[in-house]
Amino acid sequence: MYSGRPQACYELLRQVRPGRAHVSLFNTQPSCDFTDLFIWSGRVCVACSSVKGAQSDTVAFTTLPGAPDAPAAPRLLQRTKSSISLQWRSPNDNGSKITGFCLEYHEGKQSAFKEVYSGLAKQYKVMQLMPSTKYAFRLAAKNDVGMSAFSSVVSCCTASCSAAPPAPPAPPRLTEAGVTWLSLEWSAPCGSAGRDTLVYILEVEEKGLRLFPVISYSQTAQAVSDVGAGLFSDVAMVTTPASVPAAVEHVEEMRAEPLDDVMPRSSATTLALRWKEPRCHGAEISSYNIDIGEELPLSVGRTSYHILENLQPETTYRIRVQAVNSIGSGPFSSVLKLRTRGLPPEPPLLECAVAGPQSLKLKWGEGPSRPQNSRGTHYCLHMQVDTDRSVCIYSGPCHTFKVQRLCEATEYQFSIQAHSEAGMGPLSTPYTFSTTRSPPPQLRAPKVEPVEWNKYAVTWETLQPMRGDPIVYNLQLLRGREVEQLYKGPATSYTWQNSTTGVSCRLRVCAGRRSQEGSELWGQCSLSTSLPATAQPREHKISSCQDPLPKRSWPLTDEPFATILLFGFVVLAVLFAVLIQYFVIERQ
C-alpha cells in the first residue's frame, strides 16, 4: 500500500521489480486540489483535505523481464590438498528462467579472474589446485535477458600436505525419540584440535519394512575437517517407538455378478465391504471398527472384508473404518457413501396362454414378449421333474416361453421367480397345467364300390387306439352344401343304399378318439369321393348265365374332380380369347 503526495507516484513506479509489477493508474480529475495519493493492490484514489475520491478501475500490467539478481557468494562444501568443492543457491530470476551459472576464480592478487565452470549445476568441484594455496571465487547467473552482476568474492584455501583427515567419531547416541523424530548426539573425534573446524555428515539407512514410518535406523555421522573427510564411525541401531495404526485406505463395496453365488455381494439388507490393511506402525493390528452412523461402531476381527447385516432397504449409509492395535485406535478412513439395494421382486402371476398336445405356452407379468432392454428384471422359470426336484428351463427378460416336447394329456408343475439388481426374489407356489389330447390323424379318402343299382360298399383305413382311447369313425354324405351323417361307430366299412337319383353325391370320413369319460375328440375329415355310376336293372329277367356283370366305374375323388374342373376353365378361357381376338380383327 502507498499513501503520499502525487509527485511520489512516479518514484514508486520506478521502484517496481522487473517481471513482478501489477499497478493501476488513474485518469480521474478531482474537483478539489488533491493532497494525498493512495494505492491498494493496484487501485488508485485521490483524497483532499476533507473528501476522499472514488477508486479507479483496476488495470494490471507486467513489467518486462530483466537479468537475474546478483547471487550470494558460493560457500565452501569440502576441500582437499588439490580440490575445493563449492555450492550455491539460485538468485531471483526477475521474470526469466535462469539458464546457467558462471563460476570464476583467480590465484593471488595480481592475477585476473578466469572462468572455471559454466552450467546449470548448483555445486562444482574445482580440481588440480595447489596445496596450501588461497583462491578467490565469484559467481554470476544468466537468463535469456543477460548475465547478472557477480557475487561478492569468497576466499578458500586448499589443505596443506602435512594435515591429516580427522579420526572417526564415536557412534551417535539416542537422547530422545518420538513417533516421527529422533534426537541424537555424538562426541568430537579423538585427536582433533580445538582450532579445527569440523563438519559432520549424518547418514541414515532404513532397516524396517514400509508396512510398519516404526522404523529401525542404522546410523553412522563422519567428521570432515579442512583436510578432508575422516572414516565413518561404528553403526548405531535406533528404533522409534510404536504408535497407533495409520488410516485405512481403499474402502470400497464388493461387487459381483448377479448369478455369482461364490463372491459376497450387497443386497437389500446387507452391504459387502472390503479394504486394504494399513500400516500398523510397529504394533500388529488386532481388529477393526466400522462406523455406520450408529451410537457405537461395530468391532470385527483382523480381516480385509466384512458384510454389514440387518440394514434397511434402499437406505444410504456413511461408512468409516479404523484399525486398532495394542497402542490404540488409528484415525478413521474417509467417508464412503453406500446405498442398500431395493427388495428383490415378487414372483409374477403365471398362466397358460396356449395349451397343445406336445407343448404349453406360458405367460407371466406385464410387458412385451421380447423386451429390448435386457438390464431390467429377469425371470427364471422352473419345471418340476421329480417329486422333490425342479430345473430352470428358462432364464431371461422375456414374458412368454413355449415348453415343447411334452406328452399329451399330462399334468406338469411350474414355478417362477424374478431377479434384478436387488437380488433373487422368492420362488412362487407351484402352478399345474395340462397338455391337451392329440386328435386322430386325417384319414385317406374312402373307397366306394357299387354293389348293385344305387347300392354301394364304402371302406376306409383303420387306426390303432391312442393311449388306450378307442377310435370311432364318422361317415358323412355331401349333397351340395348339405352334410348328412351316414354312420358313426368303430367299424371301418359300411354298405349304403342311395335313395335319391339325379343328384351329385360325395362321401368322406373322419376319425375321433373316445376318452374314458365319454368325450370325443375328432380329427380332420378326409378328402371326399364321388359315387360311381351303376346300371339300372332290366324289366325282363335274363338267365343267370347271360346276366351281364355290372360295369365297374372308378370313384371320382376330390383331386381328379378339381383337375377336370381346372381343365374346363382353361378350355373356356382359350375359347373366349379366340372369340375376342376374332371380333377385334373383324372390326378393324
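Refer to the preceding data block for the structure.
Quick look at the structure, then. In this text the structure is predicted, and so the values were computed from the model without any measurement.

What to know about the side chain of N325
Considering the arrangement of structural elements, one finds N325 in the loop between β23 (316-324) and β24 (336-339). Residue N325 is classed as buried on the basis of its relative accessible area, which comes to 5%. Of note is the side chain of N325, whose polar atom sits 3.3 Å from the backbone oxygen of A283. Here N325 is in contact with S243, V244, P245, C280, A283, E284, I285 and S286, once residues within four sequence places are set aside.

Description of the state of the cysteines
Per the counting criterion, the structure on display carries one disulfide. For C380, the disulfide goes to C392, at an S-S distance of 2.4 Å. Of this pair, C380 sits in strand β27 (residues 378-384) while C392 is found in strand β28 (residues 390-396), placing the two residues twelve residues apart along the sequence. Residue C380 is classed as buried on the basis of its relative accessible area, which comes to 8%.

Considerations on the packing of aromatic side chains
In this structure the tally under the stated criterion is 16 aromatic pairs. Geometrically, the ring pair formed by W88 and Y117 is tilted, given 6.2 Å between the ring centres and 45 degrees between the ring planes. Of this pair, W88 sits in the loop between β5 (84-87) and β6 (98-107) while Y117 is found in strand β7 (residues 114-119), placing the two residues 29 residues apart along the sequence. Taking the relative accessible area as the measure of exposure, W88 reaches 4% and is therefore buried. Take Y117: its relative accessible area is 14%, and that puts it in the buried class. Between Y582 and F583, the aromatic rings sit 5.8 Å apart at their centres with planes inclined by 65 degrees, giving edge-to-face as the arrangement. By relative accessible area, which is 48% here, Y582 ends up partly exposed. In this structure an aromatic cluster arises from ring pairing among W88, F101, Y117 and Y124.

Some words on the sheet that holds strand β25 (residues 350-355)
Taken in spatial order, the three strands make up an open sheet running β25-β26-β29, and their pairing is antiparallel. If you trace the sheet from one side to the other, it starts and ends with β25 and β29 (400-403), each paired once. Pairwise comparison of adjacent strand axes, ignoring direction, gives a mean angle of 25 degrees for this sheet. In this structure, β25 lies alongside strand β26 (residues 360-364), joined through five bridges in antiparallel fashion. Bridging from a neighbouring strand, A355 pairs with L360 of β26.

Criteria and cut-off values
- Residues numbered from 1 in each chain as written.
- Predicted model: local features only at pLDDT ≥ 70, side-chain atom pairs only at ≥ 80, totals over all residues.
- Heavy atoms only, no water.
- Helix = DSSP H or I, 4+ residues; strand = E, 2+ residues; numbered from the N terminus.
- Buried < 20%, exposed > 50% of the residue type's maximum accessible area, 1.4 Å probe, protein only.
- Polar contact = N/O pair within 3.5 Å; in protein donor to acceptor, adjacent residues only side chain to side chain.
- Contact = heavy atoms within 4.5 Å.
- Disulfide = S-S within 2.5 Å.
- Phe/Tyr/Trp six-rings, centres within 6.5 Å; stacked < 30°, edge-to-face > 60°.
- Pairing = 2+ DSSP bridges.
- Axes fitted to C-alpha atoms, helices over the stretch in contact; angles between N-to-C directions.

Functional significance is not addressed by these values, which are geometric in nature.
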